[in-house]
Amino acid sequence: MSPVELRRHTVDGRGVADIRLLQVEDGPGRGQRLLVVRNAAGIGFEVAVDRGFDICSMTWRGINIGWNSANGMPWPPNSLDAEEGVGFYRNFDGFLVTCGLDHIGGARRSDADRYIHKHRKEVFHPLHGRISSQRATLSGYGIDWTTDAPIIWAEGVVRQSSVFGENLMLRRRIVVDVFGQAIRIDDAVENRGFRPTPHAILYHINFGYPFLDQATRISGDLTHDIVSAFNSEDKRPRDDFVDYYQETPVISDLPTASVELHNSALLGGLCVQLSFPRKALPTFGIWRAFQSGVYAFALEPARRFIRDGAGNSITLGAGETAAYQIEIALRSTSE
């Protein structure tokens, strides 16, 4: 329909799409802001404005796609530095959890010589970094009906900083077409300080029941052995399952890699496709957590903070920016 014709049917557009800023009023997450989004194709999600501007829930045509833990998106978040650096698990919850911005992986310590301060000799890095627990500044949100393909959009800025430490800023824009089937996330991480700073980022994209169950299959730009092993394994919840991460080679020669998850038992067949840039996010892995009461599976494109052959840190220089884009498409395989 033309914009005029659409207004004849739904004068404010809420018949096909909506985005609203709400505040949680009860439970562990009381007080935090959420952007609640839905579009005409059946995509529904929530943006946790005060939790790294991450996507904390995801549904498609009423079917839950994402994962949520027993934590209930606590606000304010629990200390990341607690429990020898695994306080992250007290907060861990949601469909997209961004990890970084200066560290991903297990808790560890590193030297702080780069910050040249007499009292700061080392830096403690908690599990998967600090950005997912930082409050965003909301830049704006809304629905743009003026474009040929109307879009729902939201933008926020999240900062991770310390005096005599890192000063990293994440600018995030989330877009979904009103009549489309894909969510696009554009990120820019800038070193706003004046000293070189390590940078790492990981998109922890978590799937849960009922999309995740015994019928879930994987495909895409992965090796045959990885695909075959996952598709044939027992994915039922087990009380004694020990979670593990598996780094997985991506075999595409194209600039963008794609990995798909399918569940043929839902709505005649449901597919979620993740696309990401291979150069900007050169590391990819999958996380299995089929333990009863957790029951999660994750796709994880990432850029690690590493050291080169000479032992030098790979960093963002003062004022330098790293850009990333991921896309998450949802569709019915029967269509």
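See above for the structure.
Just so you know, these numbers come straight off a predicted model, no measurement behind them.

Participant: Give me the lowdown on the pairing of strand 18 (residues 270–277), citing residues and values where you can.
Facilitator: By the criterion of burial, strand 18 is predominantly enclosed, with 8 of the 8 residues buried. On strand 18, burial covers both faces: Leu 270, Val 272, Leu 274 and Phe 276 on one face and Cys 271, Gln 273, Ser 275 and Pro 277 on the other are all buried. Direction of pairing for strand 17 (residues 256–263) relative to strand 18: antiparallel, over a ladder of 8 bridges. Counted as the bridge partner of Ser 258 is Ser 275 from strand 18. Between the end of strand 17 and the start of strand 18, which pair antiparallel, lie 6 residues, with Leu 267 showing a positive phi angle near 50°. Of the strand pairs in this sheet, strand 18 and strand 22 (residues 321–332) are connected by 6 bridges, and their pairing is antiparallel. Its bridge partner being in strand 22, Cys 271 is matched across the sheet by Arg 331.

Participant: Break down empty space enclosed by the protein for me, with residues and values.
Facilitator: For the coordinates displayed, the defined rule picks out 2 cavities of 30 Å³ or more. Within this model, the largest cavity holds a volume of roughly 90 Å³. Along its surface, the largest cavity is lined by 13 residues, and Arg 51, Asp 54, Asp 93, Val 97 and Ser 132 are the ones closest to its centre. A volume near 40 Å³ is recorded for the second largest cavity. Every residue along the wall of the second largest cavity is listed here: Ile 19, Val 37, Phe 45, Val 47, Ile 152, Trp 153, Ala 154, Ile 174, Val 175 and Val 176. For the lining of the second largest cavity, the secondary structure elements donating two or more residues are strand 3 (43–48), strand 10 (151–161) and strand 11 (167–177). A per-class count over the lining of the second largest cavity returns 10 nonpolar, no polar and no charged.

Calculation rules
Residues numbered from 1 in each chain as written. Predicted model: local features only at pLDDT ≥ 70, side-chain atom pairs only at ≥ 80, totals over all residues. Heavy atoms only, no water. Buried < 20%, exposed > 50% of the residue type's maximum accessible area, 1.4 Å probe, protein only. Helix = DSSP H or I, 4+ residues; strand = E, 2+ residues; numbered from the N terminus. Pairing = 2+ DSSP bridges. 1 Å grid on protein atoms, 1.4 Å probe; cavity = no way out; pocket = protein on both sides within 12 Å on 5 of 7 lines; lining within 4 Å. Points joined across faces, edges and corners; volume = space filled by probe spheres on them. Nonpolar A, V, L, I, M, F, W, Y, C, P; charged D, E, K, R; others polar.

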